[in-house]
Amino acid sequence: MDRRKFLTILGSAGVASALGTAQVAKAGGTHMFPYYEDSYGVLHDTTRCIGCRSCEEACNKVNHLPKPEKPFTDLSVCNKTRRTSADAWTVVNKYEVGGKPVFRKLQCFHCNDPACASACFAKCFQKQPDGSVTYDGSQCVGCRYCMIACPFYVPGFQYEEAWDPLVQKCTFCEPRLKEGKLPGCVEACPMDALTFGRRSDLIKIARKRIAENPGKYVDYIYGEWDAGGTAWMVLAPKPTPSAVKAAGTADAGHTFKELGLDTHLGNRPMGELTYGALGAVPMIIAFWPILFGGAYGMTKRREAMSKAAQEKTVQTAKEDVTAAMDAAVRSIEQNQGPVAADEARKAMIQALKAREAQNGCDGCCGCKHGEDK
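Because the structure is predicted, anything quoted here is derived from the model rather than measured. (Residues numbered from 1 in each chain as written. Predicted model: local features only at pLDDT ≥ 70, side-chain atom pairs only at ≥ 80, totals over all residues. Heavy atoms only, no water.)

A. Representation of the overall build of the chain in the model. The secondary structure content of the chain amounts to 12 helices and 9 strands. Counting only residues that meet the buried cut, the chain has 39% of its 373 residues in that class. Within the chain, residue pairs in contact and separated by at least 24 positions form 63% of the contacts whose partners lie at least 6 positions apart. (Helix = DSSP H or I, 4+ residues; strand = E, 2+ residues; numbered from the N terminus. Buried < 20%, exposed > 50% of the residue type's maximum accessible area, 1.4 Å probe, protein only. Contact = heavy atoms within 4.5 Å.)

Following this line, the structure appears as structure tokens:
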């Protein structure tokens, strides 16, 4: 493959990639995935959570996860901010909101437009009509783009698994939902801090609680619109006037930030931000062999041309040395006779061999020592 042909292919692939990206951008709408109006969700009222970790224990049990190093009765683990992992699909952390301790449960938010599904070119993640975002690892290649795309840093990876590592996260207890059961964590909560139901109904419940208790709740439902909306939503306690004065702001975002929640995700579905870039991964994968194949072909051609030029130079040097030797021998033969000419030829050949032994052979004498090995 010559350079011109390679650059032609490169340009063609670039145009195809650009057109593909343009089509993705053109196709982008408000939702990258079907919006299921009757889907389920969970409302987490942090004013009711006591950090008992019953939800963690239930999740571990119903999903048959490995037991943690510290028992679920050890509540001190809540003092250190933890993230979900392949072995812990939900965790409870303690935060300071307005100078007071508040507990919040963390798990997959089951976004309306999941960024993990947008980023997965193997289509391992699917948004289900019941509201859950499920994962099928049968085609997972372990790229972990889902982990990068998730705005909540939820998915975990089985790094210890040598043969078939998978991505792991909360499944919304989808198998239990199909059986008409509640998610394990919701069923186990002793304080009614987790309310399961239709997402649309949960928003009404949350607004009613806020309206009836204006001094108790921040007037904001986290997850109603954040990142395009999520199935799991959070209510936060309203800081006291003294706490607001000390913080210097009564902004709801400040309170949710203290709860470890990002309020700068915007209302735009995260899938729109990840689909265009990470959706082009198949194009890149298909194009990559052409890129490296072309580069390899150009390199090999350059090496062949260099070798041919070197061989031509060596051949010219050989011919020059042979011609010089023949001219010298003919001159000796004319002046001193054939015997002297033969002796002179032998002496010249020995001198060349001596030079080769001393300096290394350059191939000009016709021997094989100067050839590439």
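Picking up after the structure, the text goes on.
B. Region of the structure containing the layout of surface pockets. Computed from the structure, the largest pocket encloses a volume of approximately 520 Å³. Along the wall of the largest pocket there are 20 residues; nearest its centre are Pro68, Glu69, Arg82, Ser85 and Ala88. With 3 residues, the top contributor of residues to the lining of the largest pocket is helix 2 (residues 54–62). (1 Å grid on protein atoms, 1.4 Å probe; cavity = no way out; pocket = protein on both sides within 12 Å on 5 of 7 lines; lining within 4 Å. Points joined across faces, edges and corners; volume = space filled by probe spheres on them.)

C. Region of interest: the sheet that holds strand 1 (residues 40–45). Sheet architecture is open: 3 strands sit in the order 8-1-9, paired in mixed fashion. Edge strands, defined here as strands with exactly one partner in the open sheet, are strand 8 (194–198) and strand 9 (232–235). On average, each strand axis in the sheet is inclined to that of its neighbour by 25°, with strand direction left out of account. Pairing analysis gives 5 bridges linking strand 1 to strand 8, with the strands arranged antiparallel. Within strand 8, the residue paired with Tyr40 across the bridge is Arg198. Its contacts with the sheet put helix 7 (residues 199–212) on strand 1, strand 8 and strand 9, and the angle it makes with strand 8 is roughly 130°. (Pairing = 2+ DSSP bridges. Axes fitted to C-alpha atoms, helices over the stretch in contact; angles between N-to-C directions.)

D. Structural view of the pairing of strand 3 (residues 100–106). When you tally the buried positions in strand 3, you get 5 out of 7 residues, the bulk of the element. Here strand 2 (residues 91–97) folds back onto strand 3 in antiparallel fashion, the turn holding 2 residues, of which Gly98 has a positive phi close to 65°.

E. Structural detail: the packing of aromatic side chains. Following the criterion strictly, the structure yields 10 aromatic pairs and no others. Judged by centre distance (5.0 Å) and plane angle (70°), the ring pair of Phe157 and Tyr159 falls under edge-to-face. By relative accessible area, which is 10% here, Phe157 ends up buried. Within the aromatic cluster, the residues linked to one another by ring pairs are Phe109, Phe152, Tyr220, Tyr222 and Phe256. For the cation-ring pair, Arg144 lies above Phe157, with the distance from its terminal atom to the ring centre recorded as 4.9 Å. (Phe/Tyr/Trp six-rings, centres within 6.5 Å; stacked < 30°, edge-to-face > 60°. Lys NZ or Arg CZ within 6 Å of the ring centre and 35° of its normal.)

F. Up close: helix 2. All buried positions along helix 2 are accounted for by Cys55, Glu56, Ala58, Cys59 and Asn60. Packed against the buried residues of helix 2 are strand 2, strand 3 and helix 6 (184–188). Looking one or two residues beyond helix 2, the residue adopting positive phi is His64, at roughly 55°.

G. Layout of the pattern of salt bridges. A complete count under the given rule lists 10 salt bridges for this structure. Note that Asp45 and Arg48 form a salt bridge whose closest N and O atoms lie 3.5 Å from each other. The exposure class of Asp45 is buried, given its relative accessible area of 0%. Of the residues examined, Arg48 reaches a relative accessible area of 25% and is grouped as partly exposed. It is possible to trace a salt-bridge network through shared partners that takes in Asp45, Arg48, Asp192 and Arg209. (Salt bridge = Lys/Arg side-chain N within 4 Å of Asp/Glu carboxyl O.)

H. The arrangement of the state of the cysteines in detail. Going through the model one piece at a time under the given rule, you end up with 0 disulfides. Distance from the sulfur of Cys52, which forms no disulfide, to the nearest cysteine sulfur (Cys189) is 6.2 Å. (Disulfide = S-S within 2.5 Å.)

I. Helix 7, seen in detail. Given a rise of 1.5 Å per residue, 14 residues ought to cover 20 Å, and the 20 Å separating the end C-alpha atoms of helix 7 matches this to within 8%. What helix 7 keeps buried is the set Arg199, Leu202, Ile203, Ala206, Arg209 and Ile210. In a view along the axis of helix 7, the buried residues occupy a sector of 125°, so they form one face of it. In helix 7, the exposed positions that point more than 90 degrees away from the buried face belong to Lys204, Lys208, Ala211 and Glu212. On the buried face of helix 7, the contacting elements are strand 1, strand 8 and strand 9. (Expected span 1.5 Å × (residues − 1). Arc of directions from axis to C-beta.)

So far we have only geometry, and geometry alone does not tell us how the molecule works.
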